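# Summary of the model geometry
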Amino acid sequence: MADITGDQRIQSEVLEGLATAVNHRRWFVELALPYLGDNPIEIGSGLGDYALEWAEHLPRFTATEADPDRLVQLKERLADHDNIDVRQMLLPSADANGEYSAAVSYNVLEHIEDHVGALRSMAELVRPGGRIILIVPAFMFAMSQVDIATGHIRRYTKKTMRAAMTEAGLTIEKLHYANALGLIGYYGATSIFKLAPKEGPMVKVYDSIVLPVTKAAESIVKPPFGQSVFVVAKVPG
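Residues numbered from 1 in each chain as written. Predicted model: local features only at pLDDT ≥ 70, side-chain atom pairs only at ≥ 80, totals over all residues. Heavy atoms only, no water.

With that settled, the discussion passes to the nonpolar core. Counting 35 residues, the largest nonpolar core has Leu 109, Leu 119, Ile 132, Leu 134, Met 161, Met 165 and Leu 170 as its most contacted members. Those elements that provide at least two residues to this core are strand E4 (100-106), helix H5 (115-125), strand E5 (126-137), helix H7 (158-167), strand E6 (171-178) and strand E7 (228-234). Top element by residues in this core is H5. It accounts for 6 residues. When neighbours within four sequence positions are excluded, Met 165 is seen to be in contact with Leu 119, Ile 132, Leu 134, Leu 170, Ile 172, Val 231 and Ala 233. Of all hydrophobic cores here, the second largest spans 27 residues; its members include Ala 51, Leu 58, Phe 61 and Val 232. (Core = buried A, V, L, I, M, F, W, Y, C linked by side-chain atoms within 4.5 Å. Buried < 20%, exposed > 50% of the residue type's maximum accessible area, 1.4 Å probe, protein only. Helix = DSSP H or I, 4+ residues; strand = E, 2+ residues; numbered from the N terminus. Contact = heavy atoms within 4.5 Å.)

This part is about the pairing of strand E2 (residues 61-65). For E2, the buried fraction is high: 5 of the 5 residues fall into the buried class. Residue alternation in E2 divides its side chains into two sets, Phe 61, Ala 63 and Glu 65 and Thr 62 and Thr 64, and both sets are buried. Of the strand pairs in this sheet, strand E1 (residues 41-42) and E2 are connected by 2 bridges, and their pairing is parallel. Its bridge partner lying in E2, Ile 41 is registered against Thr 62. Assessed by its sense of winding, the connection that carries the chain from E1 through helix H3 (residues 49-55) to E2 is right-handed. With 5 bridges connecting them, E2 and strand E3 (residues 84-88) associate as parallel partners. Its bridge partner being in E3, Thr 64 is matched across the sheet by Arg 87. Once you follow E2 into helix H4 (residues 68-78) and on to E3, the crossover reads as right-handed. (Pairing = 2+ DSSP bridges. Right-handed = clockwise from strand over helix to strand, strands pointing away.)

Pairing is mixed across the open sheet formed by 7 strands, whose spatial order is E3-E2-E1-E4-E5-E7-E6. Edge positions in the sheet fall to E3 and E6, since each has one partner strand and no second. The strands touched by H4 within the sheet are E2 and E3, with E3 carrying the most contacts at an inclination of about 170°. H7 contacts E5, E6 and E7 of the sheet and is inclined by roughly 155° relative to E6. (Axes fitted to C-alpha atoms, helices over the stretch in contact; angles between N-to-C directions.)

So, about the packing of aromatic side chains. For the structure shown, the criterion picks out 9 aromatic pairs. Between Phe 139 and Phe 141, the ring centres sit 5.7 Å apart and the planes meet at 35°, which makes this aromatic pair tilted. Of the residues examined, Phe 139 reaches a relative accessible area of 15% and is grouped as buried. Here the aromatic cluster, defined as three or more aromatic residues joined through ring pairs, consists of Trp 27, Phe 28, Tyr 50, Trp 54, Phe 61 and Tyr 106. (Phe/Tyr/Trp six-rings, centres within 6.5 Å; stacked < 30°, edge-to-face > 60°.)

Taken by themselves, the reported measurements are silent on function.
Below, the structure written as structure tokens:
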């Protein structure tokens, strides 16, 4: 099994900073909800922010984490939630039980060298006809020192995501960019000003003022670019 790359300390710092972007997280929670089914598994749950919000709407949810230290934190944080199971998982994985209604993974695939193998592993976790739901960072020109430090091997476009899904034998149902203004802000902050997306005034202003405008606009018209690629694919029946 392949390790997820990157400095775990820096990854945790970024996760903690982004945890304060509540509106951003709720937007991305809403994107996945219609496709999760009744018993999904999340690959790479980090500190559990998404898991907690998704699990409020579901009878059962499984959260996973590859890093042993974060796994301990995740188990402690989710211990009081009876409908959430927590387990350690690396991708690609040999665990092909096919019991889950969907596999959802946000900002994880870009860390994995064999991303097609990882997609196939996700598919093997899911029932026939279930979904794979992903968010990944978009556009290689935005690859910054923050990406490299946190272990990003690549950033995606719709074209490269479609190619990976097709090679993995999955059928795309939904594919679009998300958070157009976020891409501009991220590129400026990380590539021009050499800042990391940590907790602070910049994140709060973005989340409280810029993000709601972006979300409203993109609910009407999908943008030609974005900070992220959102994709839903169907596992063969």
